[in-house]
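Examination of the molecular architecture
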Amino acid sequence: MYALQTFDLTKRFGDLVAVDHVNLKVQEGELFGFLGPNGAGKTTTISMILGLLYPTAGRVHVLGEEVSPTRTHVLRQVGAMVNTPGFLPYLSGRENLRLLARLYPDVDERRVDEVLELVGLRDAAKRKVKGYSTGMKQRLGLAAALLHRPRLLVLDEPTSGLDPIGMKEMRELLRALADGGTTIFLSSHLLHEVEQICDRVALIHQGRIVAEGEVRALLQQYKSLEEMFTTYVETP
Ligand SMILES: Nc1ncnc2c1ncn2[C@@H]1O[C@H](COP(=O)(O)OP(=O)(O)OP(=O)(O)O)[C@@H](O)[C@H]1O
Ligand SMILES: [Mg+2]
């Protein structure tokens, strides 16, 4: 069984085919990078994986069960961060997480403090989110995604807006989570980051998967993921 599998997943917006027969297979415990230029179809794919958007055709399986906007049961085992997460600005980071924790019967205050510690926000937990930097909001978003101990994490550009130190910390955190058995599917434009932490990648271009493989194997074929990327995505 795969943690995540898509079967000819397709999304059309009018005449535009944003996602075109995408077949992805992500194994449990894998850290999988989803690469592609602006407008390639990454967020659209992720939205369908999370049941936020209906596929025009094709299917998504998460942990062996089909997902759709009307069949979201299995998504209880999924944590997600898509775009910059919204929080209540006049509440503290901890208060925001405590509110979210109420959605889950088995998430208590100790778990809230545990995830705050995990993402490095323990000291800032009492401060209002209004005063958080982009990086701190991003980390709080990850903390929220982790609250219910998901088996699969789906992250759309988790390092966007982070400074080099924040990026390094995020990288180490994601790697540690994957080493602990959490499957992670993330989209990113930061090829160097992806190269350092991901086990496998897929490259999407104009809605189609044009390259895929183990990072280690791809790096024997290409000097870097950047070289792979530019091989398939012509630069204007
Ligand atoms: N709701 C929508 N209605 C119409 N077109 C859309 C809609 N959402 C996305 N698109 C189009 O679908 C294509 C794929 O968009 P998507 O946001 O999935 O790309 P992306 O790979 O996430 O890009 P980026 O790297 O810029 O985030 C783009 O051409 C986009 O304009
Ligand atoms: Mg996107």
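Overview of the structure. Since the model is a prediction, treat every value here as computed from it, not as a measurement.

A word on the environment of E66. With respect to the secondary-structure elements, E66 resides in strand β6 (residues 65-67). E66 gets classed as partly exposed once you look at its relative accessible area, which sits at 29%. For the pair E66 and Q5, spaced 61 residues apart in sequence, the C-alpha to C-alpha distance is 9.3 Å.

Our next topic: the site of ligand 1. In the vicinity of ligand 1, 13 residues are found, and the nearest of them are G39, K42, T43, T44 and H189. Within the backbone of G39, one N or O atom sits 2.7 Å away from an oxygen atom of ligand 1. Contact distances for ligand 1 include 2.9 Å between an oxygen atom and a backbone N or O atom of G41. When the free accessible area of ligand 1 is taken as 640 Å², the share hidden by the protein chains comes to 59%. In the shell around ligand 1, the residues fall into five nonpolar, six polar and two charged.

What follows deals with helix α4 (residues 134-146). A rise of 1.5 Å per residue sets the reference length of α4, with its 13 residues, at 18 Å; its end C-alpha atoms lie 19 Å apart and thus fit the reference within 8%. Counting buried residues in α4 gives ten out of 13 residues, a clear majority hidden from the surface. When we look at burial in α4, the residues that qualify are G135, M136, Q138, L140, G141, L142, A143, A144, A145 and L146. For α4, the elements touching its buried residues are β7 (78-81), α2 (93-101), α3 (109-118), β8 (152-156) and α5 (164-179).

Here six bridges tie strand β10 (residues 200-205) to strand β11 (residues 208-214), and the two strands are oriented antiparallel to one another. Bridging across to β11, H205 finds its partner in R208.

This part is about the layout of surface pockets. Of the volumes computed, that of the largest pocket is approximately 460 Å³. Lining the largest pocket are 23 residues, with A80, L100, Y104, A144 and A145 positioned closest to its centre. Among the secondary structure elements, those contributing two or more residues to the lining of the largest pocket are β7, α2 and α4. Looking at which element gives the most residues to the lining of the largest pocket, the answer is β7, with four residues. Of the residues that constitute the lining of the largest pocket, the class distribution is 15 nonpolar, seven polar and one charged.

Turning next to the pattern of salt bridges. Any two side chains of opposite charge can pair, on the condition that their charged atoms come close. One pass over the full model with this rule turns up 15 salt bridges. Residue R94 is joined to D113 by a salt bridge in which the shortest nitrogen-to-oxygen separation is 2.8 Å. With a gap of 19 residues between them, R94 in helix α2 and D113 in helix α3 connect regions that are remote in the sequence. In this structure, R171 engages E193 in a salt bridge whose closest nitrogen and oxygen atoms are separated by 3.0 Å. Separated by 22 residues along the polypeptide, R171 in helix α5 and E193 in helix α6 (residues 191-197) bring together distant segments of the chain. The two residues R171 and E193 agree in class, both being buried. Members of the salt-bridge network, linked through shared partners, are E30, R200 and E212.

Each value, and the rule that gives it
Residues numbered from 1 in each chain as written. Chains lettered and ligands numbered in written order. Predicted model: local features only at pLDDT ≥ 70, side-chain atom pairs only at ≥ 80, totals over all residues. Heavy atoms only, no water. Helix = DSSP H or I, 4+ residues; strand = E, 2+ residues; numbered from the N terminus. Buried < 20%, exposed > 50% of the residue type's maximum accessible area, 1.4 Å probe, protein only. Near = heavy atom within 4 Å. Polar contact = N/O pair within 3.5 Å; in protein donor to acceptor, adjacent residues only side chain to side chain. Areas by Shrake-Rupley, 256 points an atom, 1.4 Å probe, with all protein chains shown as cover. Nonpolar A, V, L, I, M, F, W, Y, C, P; charged D, E, K, R; others polar. Expected span 1.5 Å × (residues − 1). Contact = heavy atoms within 4.5 Å. Pairing = 2+ DSSP bridges. 1 Å grid on protein atoms, 1.4 Å probe; cavity = no way out; pocket = protein on both sides within 12 Å on 5 of 7 lines; lining within 4 Å. Points joined across faces, edges and corners; volume = space filled by probe spheres on them. Salt bridge = Lys/Arg side-chain N within 4 Å of Asp/Glu carboxyl O.

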